[in-house]
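Topology and contacts: notes
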Amino acid sequence: MRWIAALAAAAVSTGTLSAADILIRDFRLAAGVTPGPSRTTEDYSAGSGSVRASGSNTYKANAAQAVDVYAGFAGGELHDYGLVYGIGLDAARGRFSPRGTGSNGLDYMTLVPQIRAGLGYAFSTSFHIELTPF
């Protein structure tokens, strides 16, 4: 019973310390680097009359960094705390250079739509923190 009273007191004190309501509506742009693939697997099936048997090969490579760019919209409504959400597009471009194949490498680009969510806490109308993956 004592812990219920302690939780209630903590909730009341937290409620009185909170300071603001904030409406989040902004465009976010981020750029950085991300690790590229360290291996890839090729699966293949022999076609009719093929001299190559069915099977698979795994090619290893040095994981080179890829350039990564994210652009999206973030929103949320913090009444002291609340949900922060985002929707956007992430693009990465890199080079995969397999070892021991005599290949010059493969340039690749990924384009991935993303939906993100997290939590925010408003200390005042001009300052808040977010615990989000974006």
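Structure: above.
A brief report on the enclosed structure follows.

1. A few points about the overall build of the protein
Assigned secondary structure in the protein consists of one helix and seven strands. Traced from its N-terminal end to its C-terminal end, the protein shows the element sequence α-β-β-β-β-β-β-β. For the protein, the proportion of its 134 residues judged to be buried stands at 22%. Intrachain contacts of the protein at a sequence separation of at least 6 include 59% that bridge at least 24 residues. Carbon and sulfur atoms make up 61% of the accessible area of the protein, which totals about 9400 Å².

2. Some details on the packing of aromatic side chains
Overall, the coordinates contain two aromatic pairs when judged by the stated rule. Here Y121 and F123 contribute two aromatic rings whose centre-to-centre distance is 4.9 Å and whose plane-to-plane angle is 80°, an arrangement assigned as edge-to-face. For F123, a relative accessible area of 41% puts it in the partly exposed group. With a centroid separation of 5.4 Å and 35° between ring planes, the pair formed by F123 and F127 is classed as tilted. Cluster of aromatic residues (ring-pair linked, three or more members): Y121, F123 and F127. Its end group placed over the ring of Y70, R116 keeps NZ or CZ at 3.8 Å from the ring centre.

3. Some words on the pattern of salt bridges
Applying the stated criterion to the full structure yields three salt bridges. The partner of R28 in a salt bridge is D26, with the nearest N and O atoms 2.9 Å apart. As a salt-bridge pair, R28 and E130 come within 2.9 Å of each other at their nearest N and O atoms. Residue R28 is found in strand β1 (residues 21-35), and its partner E130 is found in strand β7 (residues 127-131); the two are separated by 102 residues along the sequence. Here the residues in one salt-bridge network are D26, R28 and E130, joined through shared partners.

4. Regarding the side chain of R28
In this structure the side chain of R28 is engaged in a polar contact, spanning 2.9 Å, whose partner is the side chain of D26. One polar contact links R28 to E130, side chain to side chain, over a distance of 2.9 Å.

About the thresholds
- Residues numbered from 1 in each chain as written.
- Predicted model: local features only at pLDDT ≥ 70, side-chain atom pairs only at ≥ 80, totals over all residues.
- Heavy atoms only, no water.
- Helix = DSSP H or I, 4+ residues; strand = E, 2+ residues; numbered from the N terminus.
- Buried < 20%, exposed > 50% of the residue type's maximum accessible area, 1.4 Å probe, protein only.
- Contact = heavy atoms within 4.5 Å.
- Areas by Shrake-Rupley, 256 points an atom, 1.4 Å probe, with all protein chains shown as cover.
- Phe/Tyr/Trp six-rings, centres within 6.5 Å; stacked < 30°, edge-to-face > 60°.
- Lys NZ or Arg CZ within 6 Å of the ring centre and 35° of its normal.
- Salt bridge = Lys/Arg side-chain N within 4 Å of Asp/Glu carboxyl O.
- Polar contact = N/O pair within 3.5 Å; in protein donor to acceptor, adjacent residues only side chain to side chain.

Everything listed here is a matter of geometry and, on its own, says nothing about what the molecule does.
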